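# Fold and geometry: a report
Read off the chains here:
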Amino acid sequence: QVQLVESGGGSVQAVGSLRLSCVASRVANAINVMGWYRQEPGKQREFVASITRSDLTHYSDSVKGRFTVSRDAAKNTVYLQMNSLKPEDTAVYYCYAETEITSMKTFTGWGQGTRITASS
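The following refers to the structure shown. Nothing here was measured: the structure is a model prediction, and the numbers come from that model. (Residues numbered from 1 in each chain as written. Predicted model: local features only at pLDDT ≥ 70, side-chain atom pairs only at ≥ 80, totals over all residues. Heavy atoms only, no water.)

Another aspect to go through is the overall build of the protein. Along the protein, the regular secondary structure elements total zero helices and eleven strands. Radius of gyration (C-alpha) of the protein: 14 Å, near the 14 Å computed for a compact globule of 120 residues. If one aligns the C-alpha atoms of the protein with their principal axes, the spans along those axes are about 45 × 25 × 25 Å. In the protein, once contacts between residues fewer than 6 apart in sequence are set aside, the share between residues at least 24 apart is 53%. With the model as given, the accessible surface of the protein reaches about 6600 Å², and the carbon-plus-sulfur share is 47%. Between the averaged position of the 13 positive side-chain charges in the protein and that of its 10 negative side-chain charges there is a distance of 3 Å. (Helix = DSSP H or I, 4+ residues; strand = E, 2+ residues; numbered from the N terminus. Rg over C-alpha atoms; globule rule 2.2 N^0.38 Å. Contact = heavy atoms within 4.5 Å. Areas by Shrake-Rupley, 256 points an atom, 1.4 Å probe, with all protein chains shown as cover. Lys, Arg positive; Asp, Glu negative; His and termini not counted. Charge placed at Lys NZ, Arg CZ, Asp CG, Glu CD.)

Counting residues in hydrophobic clusters, the biggest one holds 26 residues, and the most contacted among them are Trp36, Leu80, Met82 and Tyr93. For this core, the elements supplying multiple residues, two or more each, are β3 (18-25), β4 (31-39), β5 (46-52), β7 (67-72), β8 (77-82), β9 (91-102) and β11 (114-119). (Core = buried A, V, L, I, M, F, W, Y, C linked by side-chain atoms within 4.5 Å. Buried < 20%, exposed > 50% of the residue type's maximum accessible area, 1.4 Å probe, protein only.)

All right, on to the sheet that holds β8 then. The strand order β1-β3-β8-β7 describes an open sheet built from four strands, whose pairing is antiparallel. The sheet is open, and its two edges are formed by β1 (3-7) and β7, each paired on a single side. The average undirected angle you get between the axes of adjacent strands in this sheet is 15°. As paired strands, β7 and β8 are joined by six bridges and run antiparallel to one another. Counterpart to Arg71 in the pairing with β8 is Val78. (Pairing = 2+ DSSP bridges. Axes fitted to C-alpha atoms, helices over the stretch in contact; angles between N-to-C directions.)

Summed over all chains, the structure comprises six salt bridges. Between Glu46 and Arg38 there is a salt bridge, with its nearest N and O atoms 3.0 Å apart. Judged by its relative accessible area of 31%, Glu46 is partly exposed. One salt bridge in this structure joins Glu100 and Arg53, with 3.7 Å as the shortest N-O distance. Taken together, the residues Glu100 in strand β9 and Arg53 in the loop between β5 and β6 (57-59) connect sequence positions 47 residues apart. Residue classification places Arg53 among the partly exposed residues on the basis of a relative accessible area of 44%. Here the salt bridges do not stand alone but share partners, grouping Arg38, Glu46, Arg66 and Asp89 into one network. (Salt bridge = Lys/Arg side-chain N within 4 Å of Asp/Glu carboxyl O.)

See below:
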């Protein structure tokens, strides 16, 4: 079962930039997708961005054009470059990795969460 460790969180002023990293370990199966969700207190977890093993990327409308998701397959690492940060981006960010157990079964592992604060 894949395990994920995040790093790179912090606090910046609005329009600043941060880069998050997430390293997967105990990878015994192929990783189909890696990406990021975020969650504010009292709210549902929100999809942010993802990248497949074919390097197809998807973004939520709220971050499109500002955030970039990328990966280093050799290092089992996914990154989230966050530019032009807004106060609305303040949340705890969670990386995830979807691994293929069988052709009909997958397992999703989650990072521990890292806090991003973008002040006005």
